[in-house]
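Now for the letters of each chain:
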Amino acid sequence: MNSEIIKKFCDLLGEERVFTGEAMSRHTTFKIGGPADYFLMPDKDTDVGRIVKICKESAIPYFILGNGSNLLVGDGGYRGAVIQIYKNMSAVTVEGTEITVQAGALLSSVAAAAKNAALTGFEFAGGIPGTMGGAVVMNAGAYGGEMKDVLESVTFLDSDLTERTLPAAELALGYRTSLFEQHPDWCVLSATVRLQPGDSAAILAEMQDYLQRRKDKQPMEWPSAGSTFKRPQGAFAGKLIEDCGLRGFTVGGAQISEKHCGFVINRGGATCADVVSLTDQVKAIVLQKTGYTLEREIRVVK
């Protein structure tokens, strides 16, 4: 770590929002990950651009972190800067049928704001444990709904650190992908969704139904990164894994959930290497036995 770089970050953000050697296991829902050289917590859009500028000028790798719900960080940590856009950048503003959301806001907070404003259409996202920024990047979805169904526009920093806004129609939103996947150095700052007038009681009932389904079917009691594999065309990853006899399959502290085979969970002390080995073996077995090729949905950063 470079003391001059640390000083630049501290001058920009203040010492209280700059950490060195921060364990990433503290910032991922998998509870896995070694130390990051620099862990930075901006609270303004302009700070994000300035941080990235410092990183680029100093040839320091960086990545943007939300609440770490779809992320697996290497056991050796990350030799660069982690820029956490989370609680410090989580404002949610309702105007008519539109909700403008900073990238660090949890989807559950957005769903609650929509319900309070009697706006329907966002119920599907209320139980997804991610931030708006991450949901836009991967076009998050559940229970038949996706971000592309409600997204109006997104404001972001492009490769030149220019702030731009694009309508959803120009973001190449598809199954667990978007234009941001093709441009990983772009950084989502905020997004606007357009919903429809509804009944608050009915909206709440639907949100509670989805939450209960999650509790009943998903291993929410264990650390995980959510659904581990993308859905292959014509099949379901969890069903394929179950049909191959891999329910409860374990490598080290990582295990295919006995409750839902689409999830890999941390049973305690799991490492990144455990998860990677397990998922690689599962992919190989499923391909051999069924002919389907599974693709990891979770992002791996080393």
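Let me begin by describing the structure that accompanies this report. (Residues numbered from 1 in each chain as written. Predicted model: local features only at pLDDT ≥ 70, side-chain atom pairs only at ≥ 80, totals over all residues. Heavy atoms only, no water.)

A few words on the sheet that holds strand β17 (residues 254-256). Taken together, four strands build an open sheet; the order of strands is β15-β18-β17-β16 and the sheet is antiparallel. This sheet does not close on itself; its edge strands, each paired only once, are β15 (224-227) and β16 (250-251). In the sheet, β17 pairs with strand β18 (residues 263-266) via three bridges, with the strands oriented antiparallel. Residue pairing for β18: Ala-254 is matched across the bridge by Asn-266. Contacts from helix α8 (residues 272-290) reach β16, β17 and β18 within the one sheet, and its direction differs from that of β17 by about 30°. (Pairing = 2+ DSSP bridges. Helix = DSSP H or I, 4+ residues; strand = E, 2+ residues; numbered from the N terminus. Contact = heavy atoms within 4.5 Å. Axes fitted to C-alpha atoms, helices over the stretch in contact; angles between N-to-C directions.)

Of note in this structure, Asn-139 is not a glycine but carries a positive phi near 45°. Examined against the element boundaries, Asn-139 turns out to sit in the loop between α4 (132-138) and β9 (141-142). Positive phi is not limited to glycine here, since Leu-161 has a value of about 65°. With respect to the helices and strands, Leu-161 occurs in the loop between β11 (151-157) and β12 (163-167).

This brings us to the sheet that holds strand β5 (residues 78-84). In space, the four strands of this open sheet follow the order β1-β2-β5-β3, with mixed pairing throughout. Since the sheet does not close on itself, it has two edges, and those belong to β1 (18-23) and β3 (62-65), each with one partner. Ignoring which end each strand starts from, the neighbouring axes of this sheet average 30° apart. One ladder, built from five bridges, connects β1 with strand β2 (residues 35-40); its direction is antiparallel. Each residue of the ladder has a partner; that of Glu-22, found in β2, is Ala-36. The sheet strands contacting helix α1 (residues 3-13) are β1 and β2, and the helix crosses β2 at an angle near 30°.

On to the pattern of salt bridges, then. Inspection of every chain in the model, using the stated rule, returns 21 salt bridges. A salt bridge links Glu-295 to Lys-230; its shortest N-O distance comes to 3.3 Å. Of this pair, Glu-295 sits in the loop between α8 and β19 (299-301) while Lys-230 sits in the loop between β15 and α7 (237-243); the two residues are 65 residues apart in sequence, bridging distant segments of the chain. Of the residues examined, Glu-295 reaches a relative accessible area of 45% and is grouped as partly exposed. (Salt bridge = Lys/Arg side-chain N within 4 Å of Asp/Glu carboxyl O. Buried < 20%, exposed > 50% of the residue type's maximum accessible area, 1.4 Å probe, protein only.)

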